[in-house]
Amino acid sequence: MAVIHRTTMSPGKLELLAAWVPSKPWYRGGEAPLLAKAGGFRLDDPAGEVGIEFMVVTDTSGDSPVTYQVPMTYRGAPLESAADGLIGTSEHGVLGRRWIYDGAHDVVLVEQLLALLAGRATAQDQNASDAPDPTVEVRSEGAGVPQGLTGPGTVTETADASLVTVGPAAQDGPVSTLTLCRVLRPGPAPEGDGAAGRVLAGWSAPDGTRQHGPFASLAAFER
């Protein structure tokens, strides 16, 4: 169970993200982002070592507000295999220095997102310890979700998503694509695309209204 500490981070998450998101191909705002927290949820690391957060931020620096999903992991030491996904470091008031990664590059986040899709994990409230988040919706065919990974494979960035190749621990096993929606749009998940599973969740629009839409999906594995 992840413990939510009521403390400070320096620099803060929004400050780190404001310096990082303009480098991404899915960023659509102005030269200097104006970010505000808009929602999200957490997952637990079974080993209790890595913080996992699916953070939602809204940017109002462009012609119209854009809402982004940034899945992040918080670690107590650098993760060499995820060096390309480093967002930055921050001093946590309780835990000390934390290395913060874009979760698409971190095997722990990818494994736990697959566990959520397979029904082996439960989404947690973003701001409270040991509190499931019932607003996170999982639609899945659990048999089509792999168990155990050698690590996330190639991460490909598009104009509105990150595509992560995933597969079971067996090197010769089938692989598929985990899609992490970066630009969030309210509405139902698409139907008839053959996805093995998908995650939908909510966030707040700049005017305070609640939105709900797709966060992630997993393509069906070929058997």
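Structure first, text after, so check above.
(A) Local environment of the overall build of the protein. Across its full length, the protein holds two helices and twelve strands. In sequence order, the secondary structure elements of the protein are arranged as β-α-β-β-β-β-β-α-β-β-β-β-β-β. With 223 residues in all, the protein has 47% of them scored as buried. A sequence separation of at least 24 residues applies to 58% of the contacts in the protein between residues at least 6 apart.

(B) Here's a closer look at the nonpolar core. In terms of nonpolar packing, the biggest core is built from 33 residues, with Phe41, Phe54, Leu113, Leu116, Leu178, Val199 and Phe215 touching the most fellow members. Looking at this core, the elements that each hand over two or more residues are β2 (35-43), β3 (51-59), α2 (107-117), β9 (161-166), β10 (176-181), β11 (195-204) and β12 (210-219). Among all residues touching phenylalanine 215, those that are not within four sequence positions of it are Phe41, Val56, Gln69, Thr179, Leu180, Cys181, Leu184, Val199, Leu200, Ala201, Gly202 and Trp203.

(C) Expanded view of the sheet that holds strand β6 (residues 96-102). Strand order in the open sheet made by the six strands is β1-β5-β6-β4-β3-β2, with antiparallel pairing throughout. The strands lining the two open edges of the sheet, one partner per strand, are β1 (9-10) and β2. As judged from the nine bridges shared by β3 and strand β4 (residues 66-75), these two strands associate in the antiparallel manner. Across the sheet, the residue bridging to valine 57 is tyrosine 68, located in β4. Sheet strands touched by helix α1 (residues 13-20): β1, β2, β3, β4, β5 (86-92) and β6. Its angle to β5, the strand with the most contacts, is close to 160°.

Cut-offs and rules
- Residues numbered from 1 in each chain as written.
- Predicted model: local features only at pLDDT ≥ 70, side-chain atom pairs only at ≥ 80, totals over all residues.
- Heavy atoms only, no water.
- Helix = DSSP H or I, 4+ residues; strand = E, 2+ residues; numbered from the N terminus.
- Buried < 20%, exposed > 50% of the residue type's maximum accessible area, 1.4 Å probe, protein only.
- Contact = heavy atoms within 4.5 Å.
- Core = buried A, V, L, I, M, F, W, Y, C linked by side-chain atoms within 4.5 Å.
- Pairing = 2+ DSSP bridges.
- Axes fitted to C-alpha atoms, helices over the stretch in contact; angles between N-to-C directions.

Without other data, these values stay purely geometric and don't point to any function.
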